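Understanding the architecture of this molecule
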Amino acid sequence: RTKVKGMFVDPKQVAEVLGRHRGIARGRLVVTREGERDAMALHVETAPGIEPDLAALEATLREVTKLGGNVVLAPAGSLPNDGKVIADERDYRA
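Report follows, based on the coordinates. No experiment lies behind these values; they were computed from the predicted model shown.

This part is about the environment of Val-17. Structurally, Val-17 can be placed in helix H1 (residues 11-19). Each C-alpha atom, one on Val-17 and one on Leu-57, is 7.3 Å from the other, the two residues being 40 residues apart in sequence. Not counting residues up to four positions away in its chain, the partners in contact with Val-17 are Leu-42, Leu-57, Thr-60, Leu-61 and Val-64.

Take a look at the structure:
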């Protein structure tokens with residue numbers, strides 16, 4: 001679990017978002033800082049020949065997590081297969 005914008009995001013929520021859209025092979029939620037604010041982006045890999053509806057994925061991400069975030073289409077094989085569903089890449093050093 002990771003706290004984003006004061007709310008917890010659970011790996012099960014990420015799995016739910018991915019499960020609602022066909023053709024998604026793998027996904028990872030990446031949490032960063034943009035200035036003084038938390039930001040999240042759902043990086044997804046699709047099965048060959050599938051063109052995902054990124055706007056629909058963003059809407060599902062907002063519905064399930066109650067937080068807004070971007071969806072980024074990642075090249076096939078680019079997401080690590082390490083079992084990590086949420087990557088917290090925030091750097092609080094200023």
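Another point: H1. Taken together, the buried positions of H1 are occupied by Gln-13, Val-14, Val-17 and Leu-18. In an axial view of H1, the angular spread of the buried residues amounts to 135°, which keeps them on one side of the axis. What points out from H1, more than 90 degrees from its buried face, is the exposed set Lys-12 and Gly-19. Its side-chain oxygen placed 2.9 Å from the backbone nitrogen of Lys-12, Asp-10 serves as the N-cap of H1.

What follows deals with the pattern of salt bridges. Two side chains that carry opposite charge are able to pair once their charged atoms sit near each other. Applying the stated rule across the entire model yields 6 salt bridges. With its nearest N and O atoms 2.5 Å apart, the salt bridge here joins Glu-16 to Arg-20. We classify Glu-16 as partly exposed; its relative accessible area is 36%. By relative accessible area, which is 42% here, Arg-20 ends up partly exposed. Taking the shortest distance from any N to any O, the salt bridge between Arg-28 and Asp-82 comes out at 2.3 Å. Of the two residues, Arg-28 sits in strand E3 (residues 24-34) while Asp-82 sits in the loop between strand E5 (70-73) and strand E6 (86-88), which places them 54 residues apart along the sequence. Bridged by salt links that share partners, the residues Arg-33, Asp-38, Asp-88 and Arg-90 form one connected network.

Rules used in this analysis
- Residues numbered from 1 in each chain as written.
- Predicted model: local features only at pLDDT ≥ 70, side-chain atom pairs only at ≥ 80, totals over all residues.
- Heavy atoms only, no water.
- Helix = DSSP H or I, 4+ residues; strand = E, 2+ residues; numbered from the N terminus.
- Contact = heavy atoms within 4.5 Å.
- Buried < 20%, exposed > 50% of the residue type's maximum accessible area, 1.4 Å probe, protein only.
- Arc of directions from axis to C-beta.
- Polar contact = N/O pair within 3.5 Å; in protein donor to acceptor, adjacent residues only side chain to side chain.
- Salt bridge = Lys/Arg side-chain N within 4 Å of Asp/Glu carboxyl O.

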